[in-house]
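Breakdown of the fold
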Amino acid sequence: MDLGLDRLSSAIADMGSLAQQSVIRAIEAYTKGERISSQALDNAKQLSILGEEIDELAVELLARFQPVATDLRYIKSCLEISYGFQRFGRYAYDIAQVLEMAGDLSSCDKTIIERLSHHVDTMILDSIQSFKTRDEKLARTLRDRDEEVDRTYLTVTRQLFHGGSTTVGCALASTLVLRYLERIADHACHIADSVIYIATGKKI
Amino acid sequence: MHEVSHGAWTKGHVSLDGEDMYAPDKDPVKVRRKIGLVFQKPNPFPTMSVYDNVAAGLRLSGVRNEKLLGTKVQENLIQAFLWEEDRDRLGESGASLSGGQQQRLCIARALAVEPQVVLMDEPCSALDPVATAKIEELISHLKEKYTVIVVTHNMQQAARISDVTGFLYYGRLIEYGPTRDIFENPSNELTERYISGKFG
């Protein structure tokens, strides 16, 4: 059982690292005007394969060892966290696709998204870190930090709806990328919620 | 039965409806009428038929009416999920049944005297998984009508069949609560380690 749990932790760590890199790379591509959809798709597929491995391992552990208490909560959480990481990969690919469709965005104002992406990146990092070290205190900071993401997303989208000086292409790209960042931040929160569940047994 | 064992002693309290079951003035026979017992190893009376095993307790209580006895035997064999399988074997020795059937016969025998509580001590530990599943299904059915207390070392069995679980360790009640809480989020560290098999 302990060996199985170690394998599960290791697979989750691999997924977390790949998922985080995918998101960072997608945002970097947005700011630098790069096209990376093929690489983002590969990462998303790789995350999906790792997710399937985690599913199989978790089911095997459940069937063979009938885990209870912390072990049970840990395995259940691994399944949810694995899904969260797969979503990171998928949203990174969605951002990459937006860049493909939008073409040249060099004239767009990217300040807000750059700032927000840095904020979301630290949320992803801390959600992964809190899981690795089962740091309930760190996990509890995520929900508050998500509020800024939601606020920014709503404010910018509202402004764009009511017209502005930007072009349709810039507006559309900003809205979609912001939307994906908002979703990514939400999944980081779900991961942190799972950490709290593992530590306390309480569902957030 | 401890009172007939030389040097046996009891400690602590067991109360039923507010009455101390270990009180010196408590009549053990009356206690046994309230609490039906089922043991680890199926122990039907070997010289008695299936029918007589179930009727034994009632006869001891003075029931002589054969028609009533027949009805009660049938009712309790039905309750113990044994009637359909053994209705044609009522005259055969209880010891001729399979292990799982013998255990269900013992349950029928315990139920026949209409106890308030059925106490089962490791009722499935001598049985194969199929017979175990039948007993567990029976327990789940019986708990609608009786208070069933099962002593088990099988964590999964406790998790499967009970509504509330008590964790006893060296005679001390360490934790008691809804089964789901005990197995998903126990509040005591000792419980957590024991049910996870991380002891010692």
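Parameters at a glance
Residues numbered from 1 in each chain as written. Chains lettered and ligands numbered in written order. Predicted model: local features only at pLDDT ≥ 70, side-chain atom pairs only at ≥ 80, totals over all residues. Heavy atoms only, no water. Pairing = 2+ DSSP bridges. Helix = DSSP H or I, 4+ residues; strand = E, 2+ residues; numbered from the N terminus. Axes fitted to C-alpha atoms, helices over the stretch in contact; angles between N-to-C directions. Buried < 20%, exposed > 50% of the residue type's maximum accessible area, 1.4 Å probe, protein only. Parallel < 35°, antiparallel > 145°, perpendicular 65-115°, else oblique. Left-handed = near helix turned anticlockwise from the far one by under 90°. Contact = heavy atoms within 4.5 Å. Nonpolar A, V, L, I, M, F, W, Y, C, P; charged D, E, K, R; others polar. Buried area = accessible area lost by both parts, 1.4 Å probe. Salt bridge = Lys/Arg side-chain N within 4 Å of Asp/Glu carboxyl O. Polar contact = N/O pair within 3.5 Å; in protein donor to acceptor, adjacent residues only side chain to side chain. Disulfide = S-S within 2.5 Å. Expected span 1.5 Å × (residues − 1). Core = buried A, V, L, I, M, F, W, Y, C linked by side-chain atoms within 4.5 Å. Patch = residues over 30% accessible without salt bridge, like charges linked within 9 Å, V, L, I, M, F, W, Y side chains within 5 Å. Areas by Shrake-Rupley, 256 points an atom, 1.4 Å probe, with all protein chains shown as cover.

For the rest of this paragraph, the subject is the sheet that holds strand β3 (residues 35-38) of chain B. Residues and elements named next belong to chain B. One open sheet accounts for 3 strands, arranged β3-β4-β5; its pairing is parallel. Single-partner strands in this sheet number two, and they are β3 and β5 (147-151). Neighbour to neighbour, the strand axes of the sheet diverge by 20 degrees on average, direction disregarded. Across 4 bridges, the pairing between β3 and strand β4 (residues 117-121) is parallel.

Attention now goes to unusual backbone geometry. Residues and elements named next belong to chain B. In this structure, Asp17 is a non-glycine residue whose phi angle is positive, near 50 degrees. Inspection of the secondary structure assignment puts Asp17 in the loop between β1 (15-16) and β2 (19-20). Asp17 gets classed as exposed once you look at its relative accessible area, which sits at 59%. For Glu114, which is not a glycine, the phi torsion comes out positive at approximately 50 degrees.

Attention now moves to the packing of helix α1 (residues 2-32) of chain A against helix α2 (residues 37-65) of chain A. Residues and elements named next belong to chain A. Contact pair α1 / α2: the axes reach a minimum separation of 10 Å and the direction vectors enclose 160 degrees. The pairing of α1 with α2 is recorded here as roughly antiparallel in orientation. Regarding α1 and α2, the two cross each other, and that crossing is left-handed. Every residue of α2 that contacts α1 at Gly4, Leu5, Arg7, Leu8, Ala11, Ile12, Asp14, Met15, Leu18, Ala19, Ser22 and Arg25 is listed here: Gln39, Asn43, Gln46, Leu47, Leu50, Gly51, Ile54, Leu57, Ala58 and Leu61. Classifying every residue of the contact of α1 with α2 gives 13 nonpolar, 6 polar and 3 charged.

This part is about the interface of chain B and chain A. One widely used convention gives an interface's size as the accessible area the parts lose upon coming together. Each side of the interface is counted separately: chain B has 10 residues, and chain A has 13 residues. In total, chain B and chain A occlude about 870 Å² of area from one another, counting both sides; carbon and sulfur atoms represent 38% of this. Summed over the three residues of chain B that lose the most area to chain A, namely B:Gln156, B:Glu184 and B:Asn185, the buried surface amounts to 51% of that side. Counting across the chain B and chain A interface gives 2 salt bridges. The partner of B:Lys198 in a salt bridge is A:Asp71, with the nearest N and O atoms 2.8 Å apart. At the junction of chain B and chain A, the tally comes to 8 residue pairs in polar contact (both at pLDDT 80 or more).

This part takes up the state of the cysteines. As used here, a disulfide is simply a covalent bond connecting the sulfur atoms of two cysteines. On inspection of all chains with the given rule, the structure shows 1 disulfide over all chains. Considering cysteine sulfurs only, A:Cys189 is the nearest to A:Cys78, which forms no disulfide, with 19 Å between them. Unpaired in terms of disulfides, B:Cys124 finds its nearest cysteine sulfur in B:Cys106, a separation of 12 Å.

Turning our eyes to something else, we now look at the packing of α1(A) against helix α4 (residues 111-132) of chain A. Residues and elements named next belong to chain A. Viewed as axis vectors pointing N to C, α1 and α4 meet at an angle of 175 degrees, and their least axial separation amounts to 11 Å. The angle between the axes of α1 and α4 places the two elements in the roughly antiparallel class. Of the residues in α4, those in contact with Ile12, Ala13, Gly16, Gln20, Val23, Ile24, Ile27, Tyr30 and Thr31 of α1 are Ile113, Glu114, Ser117, Asp121, Ile124, Leu125, Ile128, Phe131 and Lys132. Residue composition of the contact of α1 with α4, grouped by class: 11 nonpolar, 4 polar and 3 charged.

Okay, helix α3 (residues 69-102) of chain A next. Residue pairs three or four apart in sequence face the same way in an α-helix, which turns once every 3.6 residues. Between the first and last C-alpha of α3(A) there are 49 Å, a value that for 34 residues agrees with the 50 Å anticipated at 1.5 Å per step. Positive phi shows up at A:Gly103, right after α3(A), with a value of about 75 degrees.

Formed by 62 residues in total, the largest nonpolar core has its most connected members in A:Leu8, A:Phe85, A:Phe88, A:Val120, A:Phe131 and A:Val177. Among the elements of the structure, α1, α2, α3, α4, α6 (142-161) and α7 (168-200) of chain A are those that each provide at least two residues to this core. For this core, the element with the most residues is α7(A), which contributes 15 residues. Apart from the residues within four sequence positions on either side, A:Phe131 is in contact with A:Ile12, A:Tyr74, A:Cys78, A:Ile81, A:Val195 and A:Ile198. If you look at the next biggest cluster of nonpolar residues, it comprises 32 residues, including B:Val38, B:Leu90, B:Ala108 and B:Ala131.

Residues and elements named next belong to chain B. Together, Val164, Leu168, Leu173 and Tyr176 line one region of the surface with nonpolar side chains, adding up to about 440 Å² of accessible area. At the level of secondary structure, the elements contributing two or more residues to the nonpolar patch comprise β6 (164-169) and β7 (172-178). Looking at the secondary structure, you find Tyr176 in strand β7.

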